[in-house]
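Chain by chain, the residues run as shown.
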6 protein chains.
Amino acid sequence: MKIKIIMPFQITILDEATERTAKEYASEGTEIICVHPEKAPKKIASQYDEALAVPGLLEEVGTAENEGFDGILISCFGDPGLKPARELVHIPVVGTCEPCMLIGAALAQRFAVITVPPNLVCLAEDLAKLVGVHEKLASVRHLGVEAYTLGTKELIQRTYEESVKAIEQDRAHALVLGCTCLLDVAIPLHKKLIETKGYDVPVIDPVGAPVKFLESLIVLRLSQSKLTYMEPEK
Amino acid sequence: MKIKIIMPFQITILDEATERTAKEYASEGTEIICVHPEKAPKKIASQYDEALAVPGLLEEVGTAENEGFDGILISCFGDPGLKPARELVHIPVVGTCEPCMLIGAALAQRFAVITVPPNLVCLAEDLAKLVGVHEKLASVRHLGVEAYTLGTKELIQRTYEESVKAIEQDRAHALVLGCTCLLDVAIPLHKKLIETKGYDVPVIDPVGAPVKFLESLIVLRLSQSKLTYMEPEK
Amino acid sequence: MKIKIIMPFQITILDEATERTAKEYASEGTEIICVHPEKAPKKIASQYDEALAVPGLLEEVGTAENEGFDGILISCFGDPGLKPARELVHIPVVGTCEPCMLIGAALAQRFAVITVPPNLVCLAEDLAKLVGVHEKLASVRHLGVEAYTLGTKELIQRTYEESVKAIEQDRAHALVLGCTCLLDVAIPLHKKLIETKGYDVPVIDPVGAPVKFLESLIVLRLSQSKLTYMEPEK
Amino acid sequence: MKIKIIMPFQITILDEATERTAKEYASEGTEIICVHPEKAPKKIASQYDEALAVPGLLEEVGTAENEGFDGILISCFGDPGLKPARELVHIPVVGTCEPCMLIGAALAQRFAVITVPPNLVCLAEDLAKLVGVHEKLASVRHLGVEAYTLGTKELIQRTYEESVKAIEQDRAHALVLGCTCLLDVAIPLHKKLIETKGYDVPVIDPVGAPVKFLESLIVLRLSQSKLTYMEPEK
Amino acid sequence: MKIKIIMPFQITILDEATERTAKEYASEGTEIICVHPEKAPKKIASQYDEALAVPGLLEEVGTAENEGFDGILISCFGDPGLKPARELVHIPVVGTCEPCMLIGAALAQRFAVITVPPNLVCLAEDLAKLVGVHEKLASVRHLGVEAYTLGTKELIQRTYEESVKAIEQDRAHALVLGCTCLLDVAIPLHKKLIETKGYDVPVIDPVGAPVKFLESLIVLRLSQSKLTYMEPEK
Amino acid sequence: MKIKIIMPFQITILDEATERTAKEYASEGTEIICVHPEKAPKKIASQYDEALAVPGLLEEVGTAENEGFDGILISCFGDPGLKPARELVHIPVVGTCEPCMLIGAALAQRFAVITVPPNLVCLAEDLAKLVGVHEKLASVRHLGVEAYTLGTKELIQRTYEESVKAIEQDRAHALVLGCTCLLDVAIPLHKKLIETKGYDVPVIDPVGAPVKFLESLIVLRLSQSKLTYMEPEK
């Protein structure tokens, strides 16, 4: 099985960790290739950035079938280009937000999303409506900091603080880490919430969860419905 | 008042009628400028086309304030780039679908959308969820034909047929014409539904309704919320 | 174009400001006539008052077509008699709450209503359900004071206080002024929220927004659906 | 226990049957008084009629406490004046639609309403939203005839026909008889649906169900919440 | 009329009060029999307990018709076994939560549930979705104490504290006592809320309300729909 | 990784195929053990059967952790005992319906469930509400036959017929096979829908999809939230 992870932005700071995490969770025998589209915004911190990321991303999607990939993961929490990408190919395409939210909905009465830039809070709320699990969305909170300027320790601490608010004020029972830059936070955050507060809640990793979801689709020979995602006329 | 209508595609077949309709409905003293972005797909018949239309469209949005415009209308029923466009500027930006659906929700218990390409049915359903009026959406129907290949008479006839189904089978009480290529259909369709069936239902024009909605916002000095549509970091 | 504004209560304290505001926002050439029904409660501060206002209001509605009006605005935030009024005539009838809420839904992720009497909070919530935009209603707050006893300055201050709570506690991104007595508050409130808190949110005026909405319908030759609002048997 | 049934219309054709039915279902010792308000429309077949019925109805509500009544039933399926009536008094006030819908929601996955005049279909849909059980509303169907012109046998037959459609086409599992003029239909209709089709579904009577619901509230010493229905200022 | 109240647990501490309350609210001539199933968990404080309670409970349900009962009340707020019980018999079966929530929805804009064990909060939320009134559910709060260890006075005080929070923080306008162990709390709590806070809100008793609801169904000759609750194959 | 599949019924007719399918989809190194609880109903064709299955099932759940299992799959589409099972253990427990519906929601605008016994239609609808994806549920259809009496060929044919209705009448874009007895139907049905009708829609297998979903949770070290599924008091 060969999976193409498309990181639709220029910064390469997450490359190593994304690849490491994806491989850690992937089944034996799954080949993981991470790519950045040629045309891409520097980073993604607004719907404006999301929009600019899509055409380059779709080029990478369009070539994936011929390159022998079995599935595509768009590794960005706003799921940019997910719907057009699904029109474009027959192999399964998953985003980051959708699989995380579905797993959150499965494991708890309500889940919260902890994202990083404030501009993406409303986008995450909108995605919950489109995924169809918005009734289980407790809240979307954001760290309100430049994630890249923080060390891992501070990143965990800030995420922890918002997570506690999500649980205590918004009644969340599960947490979705709503930015791929939070990819080493899930395990230590889960542990810290139990140890300090006794909150044994699932914390869903924004790289691992989509990788497993995509792998499952491939094994099950499932892909997006072509009645929803019709092939675009050329 | 100066309004920029952005038609985010290359074909110019709708230019004359869009401008004529917009001016017909606009208030005296409103200046209407229709533009096509430099970079644009030929036409828009899928989410793939929508996605490719956005970057060029956003360039036209980005220059509008300096060009002295008071508001922007994205003249395409899929509302491509509406959200990033609203992040980008302070003057009001409206799409085509959103104002039409809101007016449909105001005037009837339920409204149907009659669109043209089948690929855009699910998109219209999704937009209804994001606009927040999906509980009043009776159905989205499509003509399933190449609108451009039809004369006006056939276009009215085909729209009439789907409208009758929307009323009789889906219990719609108002009709939103869900493609800017249907822009000369509203008045004759309304008349035909009354005369043949006695159905006196509002038929909402996809150019006129957004123009009036945008004009109203400008007069009321209202624009998109900057808490929802935060300025993107440059 | 000739618009009849029906103020379904006896007090005349709002007459001058309503007419001034309506004319300020109306297009050139729009004639505005404000009337009080002959039979009306003193003021409207409960659903009981709303109910008593309706028969007199409907008399004013019933004569409007013969009087040459092109549209009717019921100028009271509870939209009393809106549905029967729409049955009664073919010219468009709009309320106050409905257009304001639709514009709020268009411009922001969520809007709050700031009303005056506590008795009308639940009514505004109910109207949001009937309009169909309740999923975008953040909250309904009330001033809890006799608006008429306050000077404009205090009225703005009290509205400002509830607006800040609506934004910070209820996550509203737009504000609907939910009482026609708040008609000079929108512009100064908008300014004060930006200056003191940096909150650039739309503040929707309960006279101006309905006037523009109604004017748009008239220009677009749209009216309420006669499948929803069937003519009553005489 | 003393119950006031207000029939907010002039026609007296239902008086005998309403009183008979109410007494048949009422507990021993419950006193039932049926009244018509002094001011009332001839009959109720539109929202216009509903609106005109309210002021006279509220006068009958307003005097009920002093007259020693323990509860009030507004006997008209559109629940005219229910909310202002509840503001006006402390004794429980129930409508006709609300208790019927709640019982329908309790007994089946989905219920349909069979009403008589077409103008009241949308009203019944709106009431379902306000009652809060609209997700269990399968459909509202109407007989489309002048009920009063039919004999009981034809009335049952027409109601039966719409009921079968509601079950087979709209997947209703229970039926609410949505007009007080259908008050002798429930038992024979229930029997006929079982005998002809094997459909053993609850058929809810528009006089009996509200009477029992109101009696229960009185016994339980429950009444409308005064936080929802605040006393109107005099 | 003969009603079987099934208390699906072993503890007998509630027997006397349940029977007393049921009889107090029941109509004259209604015979009330309270039983514990032979096989039952000690008490019910989790979904695990609920599940274990069901088979024994269903045995008591299954014999009820032959024993001459006219209706069955499952006296436990989690409504354990309600759906299979309704499949099993033709006489009406009601739970505790469902009638209480429906009455709460009838009397107020929003109601809160005050339950006792924390494990049942999510269950009550789920039941609201299945009953279909979840849009009127303000919140579910729990006392977080061993109810049986408290005297009546402390029980009222703790319920009062959560009720005030439900009203002031969650905007509840009615209260459902969400555990049969709270059965002597309704009247004094209602009084205390008025006297201390001026909150005149309905407080719904978890034994009385279901008893009256069931009695009403029996009188109205109504039972669960056999299209929803089909007879199980033997 | 060691997974316990609990088949909560006595019939063993599905054993071989369940184990074969589970192993076919499982990752290399995943050990699959299928068990029937000691106490179980013969088969599951009603909510009554579901209820009786739970206590025996919970015994198998309760011992799983000590037996060294990493996760539990309840292999029955009604998800009997899912919630109490999740209270009982810390290893992840999944049902059959929930993962299938979540995958259906991910891949299409709307999905339909094709189940076998008519009694389980409403149960599947209820589960969609609890899972939180009911807005994406197009319909639940049933074969209305004794699945066990059919050969595979007829089973595929009957499922095909209902699938075509689900797509053409209910606008489903994906299909969930809503009974574990349909476990060899997914691949041939998918093929037949493409070949005969051109409908390229995902068909979700009721054994394979839950197995992969559970495996993913185990790899991701995720389990049910202990704030939703609190440990029952012993």
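The structure presented is a predicted model; accordingly, all values stated were derived computationally and were not measured.

Engineer: Residues and numbers for the interface of chain B and chain F, please.
Structural biologist: Between chain B and chain F, the residue contacts involve 4 residues of the former and 5 residues of the latter. Between chain B and chain F the total buried area reaches about 420 Å² when both faces are included, carbon and sulfur atoms providing 34% of it. For the chain B face of the interface with chain F, the top three residues by lost area are C122, E125 and K129 of chain B, together amounting to 72%. Where chain B meets chain F, there are 2 salt bridges. Two residues, R171 of chain F and E125 of chain B, come together in a salt bridge whose shortest N-O distance is 3.1 Å. The tally of links from chain B across to chain F stands at 5 residue pairs in polar contact (both at pLDDT 80 or more). Split into classes, the residues belonging to the side of chain B that touches chain F amount to 1 nonpolar, 1 polar and 2 charged.

Engineer: Tell me about helix α8 (residues 208-219) of chain B, and name the residues and values.
Structural biologist: The periodicity of an α-helix, 3.6 residues per turn, causes residues three or four places apart in sequence to face the same way. The terminal C-alpha atoms of α8 of chain B lie 17 Å apart, and with 12 residues this matches the ideal 16 Å at 1.5 Å per residue to within 8%. Turning to α8 of chain B, its buried residues are G208, A209, P210, V211, K212, F213, L214, E215, S216, L217 and I218 of chain B.

Engineer: Give me the lowdown on the nonpolar core, citing residues and values where you can.
Structural biologist: One finds L175 and L193 of chain B together with L193 of chain C to be the most contacted residues of the largest nonpolar core, which totals 154 residues. Aside from chain neighbours lying at most four places away, what touches L193 of chain B is Y160, S163, V164, I167, L175, G198, Y199, V201 and V203 of chain B.

Engineer: Talk me through the interface of chain B and chain C; I want residue IDs and the actual numbers.
Structural biologist: The interface is formed by 48 residues belonging to chain B together with 48 residues belonging to chain C. Each partner contributes to the roughly 3800 Å² buried at the junction of chain B and chain C, and carbon and sulfur atoms together form 62% of this total. If you sort the residues of chain B by the area they bury against chain C, L107, L220 and L227 of chain B come out on top, with a joint share of 16%. Linking chain B with chain C are 2 salt bridges. Across the pair R221 of chain C and E24 of chain B runs a salt bridge whose closest N-O atoms are separated by 3.1 Å. Here chain B and chain C share 21 residue pairs in polar contact (both at pLDDT 80 or more) between them. Looking at the side of chain B that touches chain C, the elements that each hand over two or more residues are α1 (15-25), α3 (82-88), α4 (97-107), α5 (121-131), β8 (203-204) and α8 of chain B. The biggest single contributor to the side of chain B that touches chain C is α8 of chain B, with 7 residues. Its residues assigned to classes, the side of chain B that touches chain C comprises 26 nonpolar, 12 polar and 10 charged.

Engineer: With reference to specific residues and values, describe the packing of helix α4 (residues 97-107) of chain C against helix α5 (residues 121-131) of chain C.
Structural biologist: Residue and element names in this part refer to chain C. The interhelical angle for the contact between α4 and α5, taken along N-to-C directions, is 70 degrees, at an axis separation of 10 Å. By the angle class used here, α4 and α5 are roughly perpendicular. Seen from above, α4 lies across α5 with right-handed handedness. Here α4 contributes C97, E98, M101 and L102 to the contact with α5, which in turn contributes A124, L127, A128 and V131.

Engineer: A description of the pattern of salt bridges should follow, citing residues and the corresponding values.
Structural biologist: Using the criterion set out here, one finds 120 salt bridges over all chains in the structure. As a salt-bridge pair, R20 of chain B and E16 of chain B come within 3.2 Å of each other at their nearest N and O atoms. Of the two residues, R20 of chain B and E16 of chain B both sit in helix α1, 4 residues apart, roughly one turn of that helix. As a salt-bridge pair, E67 of chain E and K4 of chain E come within 2.7 Å of each other at their nearest N and O atoms. With E67 of chain E in the loop between α2 (47-64) and β3 (71-74) and K4 of chain E in strand β1 (residues 2-6), this residue pair connects regions lying 63 residues apart in the sequence. The partly exposed category is assigned to E67 of chain E, whose relative accessible area is 34%. In this structure K4 of chain E comes out as buried when scored by relative accessible area, which is 1%.

The rules behind these values
Residues numbered from 1 in each chain as written. Chains lettered and ligands numbered in written order. Predicted model: local features only at pLDDT ≥ 70, side-chain atom pairs only at ≥ 80, totals over all residues. Heavy atoms only, no water. Contact = heavy atoms within 4.5 Å. Buried area = accessible area lost by both parts, 1.4 Å probe. Salt bridge = Lys/Arg side-chain N within 4 Å of Asp/Glu carboxyl O. Polar contact = N/O pair within 3.5 Å; in protein donor to acceptor, adjacent residues only side chain to side chain. Nonpolar A, V, L, I, M, F, W, Y, C, P; charged D, E, K, R; others polar. Helix = DSSP H or I, 4+ residues; strand = E, 2+ residues; numbered from the N terminus. Expected span 1.5 Å × (residues − 1). Buried < 20%, exposed > 50% of the residue type's maximum accessible area, 1.4 Å probe, protein only. Core = buried A, V, L, I, M, F, W, Y, C linked by side-chain atoms within 4.5 Å. Axes fitted to C-alpha atoms, helices over the stretch in contact; angles between N-to-C directions. Parallel < 35°, antiparallel > 145°, perpendicular 65-115°, else oblique. Left-handed = near helix turned anticlockwise from the far one by under 90°.

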